[in-house]
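# Structural characterization, general
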Amino acid sequence: MIWVVLLLIAPVESVRPVILVPGALASKIEAKLNKSERSHFYCSKTSDWYTLWLKLESLLSPAVNCWADNFKMEFKEGVFSNTPGVETRVAGFGESRSLDYVDDGHHIVYYKDLVDSILSQPGAEEGVTVRAAPYDFRYSPPSKESQLYFDRLKKLVEDTYKTNGNKKVVLVSHSLGGLTISTFLHTVSQQWKDTYVHAWVSAAGVFGGAVKEIKVMVSHGIVNLPDFISNRLLHRDLARKIMGNYFMLPRYPIWGKDELLLQTPKSNYSLSNLDQLFLDMGVTDGPDKWATVRDASYTGDPGLKTYCFNGKDIPTSASFHYKNQADFPDQVPETIFGDGDGTVPARSLHMCHKWNSTVKVTEYSGPDTGEHDKVIQNQDFIKNVIQIISEDNMNI
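The structure displayed is predicted, hence computed values, not measured ones.

Calculation rules
- Residues numbered from 1 in each chain as written.
- Predicted model: local features only at pLDDT ≥ 70, side-chain atom pairs only at ≥ 80, totals over all residues.
- Heavy atoms only, no water.
- 1 Å grid on protein atoms, 1.4 Å probe; cavity = no way out; pocket = protein on both sides within 12 Å on 5 of 7 lines; lining within 4 Å.
- Points joined across faces, edges and corners; volume = space filled by probe spheres on them.
- Helix = DSSP H or I, 4+ residues; strand = E, 2+ residues; numbered from the N terminus.
- Nonpolar A, V, L, I, M, F, W, Y, C, P; charged D, E, K, R; others polar.
- Core = buried A, V, L, I, M, F, W, Y, C linked by side-chain atoms within 4.5 Å.
- Buried < 20%, exposed > 50% of the residue type's maximum accessible area, 1.4 Å probe, protein only.
- Contact = heavy atoms within 4.5 Å.
- Axes fitted to C-alpha atoms, helices over the stretch in contact; angles between N-to-C directions.
- Parallel < 35°, antiparallel > 145°, perpendicular 65-115°, else oblique.
- Disulfide = S-S within 2.5 Å.
- Salt bridge = Lys/Arg side-chain N within 4 Å of Asp/Glu carboxyl O.
- Pairing = 2+ DSSP bridges.
- Phe/Tyr/Trp six-rings, centres within 6.5 Å; stacked < 30°, edge-to-face > 60°.
- Lys NZ or Arg CZ within 6 Å of the ring centre and 35° of its normal.

Reported here for the largest pocket is a volume of approximately 1,100 Å³. Ala24, Leu25, Lys212, Ile222 and Asp373 are, among the 44 residues lining the largest pocket, the residues nearest its centre. Put simply, the parts of the chain that give the lining of the largest pocket at least two residues each are helix H7 (212-220), helix H9 (243-247), strand E13 (316-321) and strand E14 (334-338). Take the lining of the largest pocket: its biggest share by element is five residues, from H7. Across the lining of the largest pocket, the residue classes tally to 24 nonpolar, 15 polar and five charged.

In this section: the nonpolar core. In terms of nonpolar packing, the biggest core is built from 109 residues, with Val172 and Phe381 touching the most fellow members. For Phe381, the contacting residues outside a window of four places in its chain are Leu114, Val172, Val201, Ala203, Phe309, Tyr364, Val375 and Ile376.

To continue, consider the packing of helix H4 (residues 144-163) against helix H5 (residues 176-185). Two numbers describe how H4 lies on H5: the axes approach to 11 Å, and their chain directions differ by 80°. Here H5 runs roughly perpendicular to H4, going by the angle between their axes. The segment H4 lies against H5, with Tyr149, Phe150, Leu153 and Lys154 engaging Thr180, Ile181, Thr183 and Phe184. Its residues assigned to classes, the contact of H4 with H5 comprises five nonpolar, two polar and one charged.

What follows deals with the state of the cysteines. The full count for this structure, using the stated rule, is two disulfides. Two residues, Cys43 and Cys66, share a disulfide whose sulfurs are 2.0 Å apart. Across the S-S bond linking Cys43 and Cys66, the dihedral sits near -85°, which makes this disulfide left-handed. Of this pair, Cys43 sits in the loop between strand E2 (29-33) and strand E3 (50-53) while Cys66 sits in helix H2 (residues 63-71); the two residues are 23 residues apart in sequence, bridging distant segments of the chain. For Cys66, a relative accessible area of 14% translates into the label buried.

Right, let's talk about the pattern of salt bridges for a bit. All chains considered together, the criterion is met by 16 salt bridges. Here Lys154 makes a salt bridge to Glu158, at a shortest N to O gap of 3.1 Å. In this pair, Lys154 and Glu158 are both assigned in helix H4, four residues apart and thus about one turn of the helix distant. For Lys154, a relative accessible area of 30% corresponds to the partly exposed category. Under the relative-accessibility criterion, Glu158 is labelled buried at 16%. In this structure, the salt-bridge partner of Lys289 is Asp285, at a minimum N-O distance of 3.4 Å.

A word on the pairing of strand E12 (residues 306-312). Extensive coverage of E12 is indicated by the burial of six of its seven residues. In this sheet, E12 lies alongside strand E9 (residues 197-203) in parallel orientation, the contact comprising four bridges. Across the sheet, residue Val201 finds its bridge partner in E12, namely Tyr307. Where E12 and strand E15 (residues 358-365) come together, seven bridges link them in parallel fashion. Residue pairing across strands places Asn310 opposite Glu363, the latter belonging to E15.

The next thing to look at is the pairing of E13. Two strands pair when backbone bridges link them, and strand E10 (residues 262-263) and E13 are joined in this way by two bridges, in the parallel orientation. Within E13, the position partnered with Leu262 by the bridge is Phe320. The pairing of E13 with E14 spans five bridges and is classified as antiparallel. Bridge assignment links Ser319 to a residue of E14, and that residue is Ile336.

Glancing now at the packing of aromatic side chains. Within this structure, the stated rule accounts for 23 aromatic pairs. On the basis of an interplanar angle of 55° and a centroid distance of 5.6 Å, the ring pair of Phe150 and Phe184 is categorised as tilted. Of this pair, Phe150 sits in helix H4 while Phe184 is found in helix H5, placing the two residues 34 residues apart along the sequence. For Phe150, a relative accessible area of 6% translates into the label buried. Here the aromatic residues Phe93, Tyr135, Tyr149, Phe150, Tyr161, Phe184, Trp192 and Tyr196 are joined through ring pairs into a cluster of three or more. Sitting over the face of the ring of Phe71, Arg138 holds its NZ or CZ atom 5.6 Å from the ring centroid. Over the ring of Tyr252 we find Lys257; its NZ or CZ atom is 4.8 Å from the centre of that ring.

This next bit is on unusual backbone geometry. That bond from Trp53 to Leu54 is cis: its omega, 5°, falls within 30 degrees of zero. Note that Leu54 resides in the loop between E3 and H2. In this structure, the amide linkage connecting Phe328 to the following residue, Pro329, adopts the cis form with an omega of 0°. Its identity as a non-glycine residue notwithstanding, Ser175 has a phi of 55°, on the positive side. With respect to the helices, strands and loops of the structure, Ser175 is situated in the loop between strand E8 (169-174) and H5. One non-glycine residue with positive phi stands out, namely Asp313, at about 60°.

Okay, here's the thing in structure tokens:
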């Protein structure tokens, strides 16, 4: 009878703690304004802290003009920064629920299903077992802001480890978060990884960049809305000012230096003449912006147990073609498709397949389960994460 009582009062062994790292566009960015002038007569010059990204209504005309002026970055002497009078911060760092949705109105689900599942496990606690590590995706390595994020992430891992009784942490990343984690892990020692991190789960990692970013910069922007709702060329011009967009361009050697990325009747553009593409589309500081980030990522073996998940068999941008020179660059080019997850080409996703540290690769075929943003809501993916954070739990 005594053993029954002891069993009932014994503490419940919780799963391993999880830190969630998002992809581009998934972190909540707040802004505070103290500008000397208005970009438009209906835009505010001053404000207290408010949500800069994302309130969906801010993307609608005419509000989108105010939003874009506050969201854009300036580039001076090789450094990206906010424009004068705009202060920004990232909300929800270290919290459990700050990455549940992409937008303030809770219309676009992000990590919510995964967080719900983790917190439903025996002994799991909100703010303890699962914690978010959002970042300002406008910045990228080697910026000062990215280094500060790496410092905060390192401390969050250490604190989460200690708070959970010295249980090693499982890192879970999506999309750009994969390249962010890969680069971060290159900045810490093997001893640190062995001490604090049990495993890394990468979903839809954009390790080698994405050809889609070429169209984003040339003609399209990051927001895919009809022109009568939100101005496409405004979003295109904004994308050309964001550091993170240059960071996600295709990289050598994953793409060959002379491999076609965009074609017009007059020119073929590849990595070997990407600087000329920037100049031809009117971005005179494009070559310098690209130079700041071109060699700033790291996609070598991470040195810890890694699980790779990605989609496949979904038409994905492989190159772009303009039939008429007059359409370049303001009109949307024809897309030539290859394999991938609908956003990231297969060769970029597959970088993590090649690492010695990768212990399992899982691919989901077709858009219902493998589409870039659906992978992290895929029930099989969530089931796998629960299994990973539950494994060998007594051997912490």
